[in-house]
Amino acid sequence: MNSTIATITHSQSKSHSETFEKTSHHSYNWYSLLNIIQFINKMKQINTHTLLSPDDIDISIEKIKTQRNTPRISSRIKEKEKNDKIQMDTISQLTKQLQLFECVSNGNEFSLKYIKKLIKENKEMINSKNYEGFTPLYISCMNGYHKVVELLLELGADHLMRCGKENEEQSVIEVACRFGYVNIVQLLLSKCKWPNELIRQLKETKWENKDIRIILRQFYNKNKRADSINKCFCFM
């Protein structure tokens, strides 16, 4: 009986061994076939007339791999360089803007050169606003920096731009009137053109500084007479 069991076990193990060998043989053949197919596909991309030895095949295949990968890598590098440049430009712009507001806030003779230099490098900064909603011209008028105000007007600052937080916005001439800077108010009136309605409102406001009230009233009356004369000439 033992010999019978041994015979059966031997035949089963032989059967499993043969099956495994067949499977392994088929797998080997399949992978070999795949390799041949891949090799043929690669060879289609190679100019076989230029091959002088088997080593040239490997070199040509490596070139194909490199050529396939290079455009992807190159496009990614270019995209990264582009994004890095945008970030650096933004940081540089913000840094210069902070420098401008710092110079304007100082308002001394030394700052005037840097204000002029920074604005000439980027003219859009002249009407930029800080976190409080103030422009460089507004800050200068608020602090009474006559020379800075004069420089900013010469460089093209927008004197009609309203500044400050929402629902609390003011014009540069309003803030100069509020803080009582007579010389700034006179400079703004002489250098800039103002809507008659705004001047009328300023004239009727009870400013603390009496001289400012007088200046505004005189300026308003002068403009009113000029308008009347112009109308007379139009009807003639």
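Residues numbered from 1 in each chain as written. Predicted model: local features only at pLDDT ≥ 70, side-chain atom pairs only at ≥ 80, totals over all residues. Heavy atoms only, no water.

**Student:** Quick question: what am I supposed to make of the layout of surface pockets here?
**Tutor:** To find the voids left in a structure, one rolls a probe of water-molecule size over its atoms. Counted as a void, the largest pocket has a volume near 190 Å³. Forming the walls of the largest pocket are 13 residues, and the residues nearest its centre are Gln97, Leu98, Phe101, Asn130 and Tyr131. Along the lines of polarity and charge, the residues of the lining of the largest pocket split into seven nonpolar, four polar and two charged. (1 Å grid on protein atoms, 1.4 Å probe; cavity = no way out; pocket = protein on both sides within 12 Å on 5 of 7 lines; lining within 4 Å. Points joined across faces, edges and corners; volume = space filled by probe spheres on them. Nonpolar A, V, L, I, M, F, W, Y, C, P; charged D, E, K, R; others polar.)

**Student:** Is there a simple way to think about unusual backbone geometry in this case?
**Tutor:** Negative phi is the rule for most residues except glycine; trans is the rule for most peptide bonds. Not every positive phi belongs to a glycine, and Asn167 is a case in point at roughly 70 degrees. Given the relative accessible area of 75%, Asn167 is considered exposed. (Buried < 20%, exposed > 50% of the residue type's maximum accessible area, 1.4 Å probe, protein only.)

**Student:** Please explain the side chain of Ser128 as it appears in this structure.
**Tutor:** Mapped onto the secondary structure, Ser128 falls in the loop between helix H3 (109-121) and helix H4 (136-143). Taking the relative accessible area as the measure of exposure, Ser128 reaches 12% and is therefore buried. Within the structure, Ser128 has its side chain in polar contact with the backbone oxygen of Met125 (distance 2.6 Å). (Helix = DSSP H or I, 4+ residues; strand = E, 2+ residues; numbered from the N terminus. Polar contact = N/O pair within 3.5 Å; in protein donor to acceptor, adjacent residues only side chain to side chain.)

**Student:** Explanation requested: the environment of Val175 in the structure shown.
**Tutor:** Mapped onto the elements of the fold, Val175 is located in helix H6 (residues 172-179). Here Val175 falls in the buried class, since its relative accessible area comes to 0%. Sequence spacing of Val175 and Asn143 is 32 residues, and the spatial spacing of their C-alpha atoms is 9.3 Å. Discounting residues that sit within four places of it in the chain, Val175 has contacts with Tyr138, Cys141, Met142 and Gln170. (Contact = heavy atoms within 4.5 Å.)

**Student:** Just checking my understanding: could you explain the packing of H4 against H6 for this structure?
**Tutor:** Two packed helices can be described by the angle between their axes and the distance between those axes. Remark: H4 packs on H6, axes separated minimally by 8 Å, with the N-to-C direction vectors making an angle of 15 degrees. Overall, the two elements H4 and H6 adopt an arrangement that is roughly parallel. Note that H4 runs across H6; the crossing there is right-handed. Residues Leu137, Tyr138, Cys141 and Met142 of H4 form the contact with H6, whose own contacting residues are Val172, Val175, Ala176, Arg178 and Phe179. The class makeup of the residues in the contact of H4 with H6 is eight nonpolar, no polar and one charged. (Axes fitted to C-alpha atoms, helices over the stretch in contact; angles between N-to-C directions. Parallel < 35°, antiparallel > 145°, perpendicular 65-115°, else oblique. Left-handed = near helix turned anticlockwise from the far one by under 90°.)

**Student:** What is the right way to read H6 from this model?
**Tutor:** Along an α-helix, residues three or four apart share an orientation, since each turn contains 3.6 residues. H6 sits mainly inside the fold: six of its eight residues count as buried. Regarding H6, the residues found buried are Val172, Ile173, Glu174, Val175, Ala176 and Cys177. With its phi angle positive at about 75 degrees, Gly180 sits one or two positions after the end of H6.

**Student:** How should the nonpolar core be read in this particular structure?
**Tutor:** Grouped burial of nonpolar side chains is what soluble globular proteins tend to show. The biggest cluster of nonpolar side chains holds 44 residues, and the ones touching the most others in it are Ile115, Cys141, Leu188, Leu189 and Trp194. Excluding anything up to four places from it in sequence, Trp194 contacts His159, Leu160, Val172, Ile173, Leu188, Leu189 and Ile199. (Core = buried A, V, L, I, M, F, W, Y, C linked by side-chain atoms within 4.5 Å.)

**Student:** Can you help me understand the environment of Lys147 in this one?
**Tutor:** Mapping Lys147 onto the fold places it in helix H5 (residues 146-154). Owing to a relative accessible area of 48%, Lys147 belongs among the partly exposed residues under this scheme. Taking the C-alpha atoms as reference points, Lys147 and Gly107, separated by 40 residues in sequence, lie 8.0 Å from one another. A distance of 2.4 Å separates polar atoms of two side chains, one belonging to Lys147 and the other to Glu109.

**Student:** I tried to follow the side chain of Asn122 on my own but got confused; where do I start?
**Tutor:** Checked against the element boundaries, Asn122 lands in the loop between H3 and H4. Using a relative accessible area of 17% as the deciding quantity, one classes Asn122 as buried. Only 3.2 Å separates the side chain of Asn122 from the backbone nitrogen of Glu124, close enough to count as a polar contact.

**Student:** Please clarify how the pattern of salt bridges should be interpreted in this entry.
**Tutor:** Close approach of charged atoms allows side chains of opposite charge to pair. By the definition in use, this model includes six salt bridges. The partner of Glu197 in a salt bridge is Arg200, with the nearest N and O atoms 2.4 Å apart. Of this pair, Glu197 and Arg200 both sit in helix H8 (residues 196-204), separated by three residues, roughly a single helical turn. Connected through salt bridges with shared partners, the residues Lys96, Lys117 and Glu121 form a single ionic network. (Salt bridge = Lys/Arg side-chain N within 4 Å of Asp/Glu carboxyl O.)

**Student:** Help me understand the packing of aromatic side chains in this model?
**Tutor:** Any aromatic ring pair is given by two values, namely how distant the centres are and how the planes are angled relative to each other. Taken as a whole and assessed by the stated rule, the structure comprises three aromatic pairs. Relative to Tyr181, the ring of Phe179 lies with its centre 6.4 Å away and its plane at 20 degrees, an arrangement referred to as stacked. With relative accessibility at 25%, the residue Tyr181 sits in the partly exposed group. (Phe/Tyr/Trp six-rings, centres within 6.5 Å; stacked < 30°, edge-to-face > 60°.)

**Student:** I keep staring at the environment of Met142 and nothing clicks. Help me out?
**Tutor:** Looking at where Met142 falls in the secondary structure, it is placed in helix H4. Sequence separation between Met142 and Gly180 is 38 residues; the distance between their C-alpha atoms is 9.4 Å.

By themselves these figures say nothing about function.
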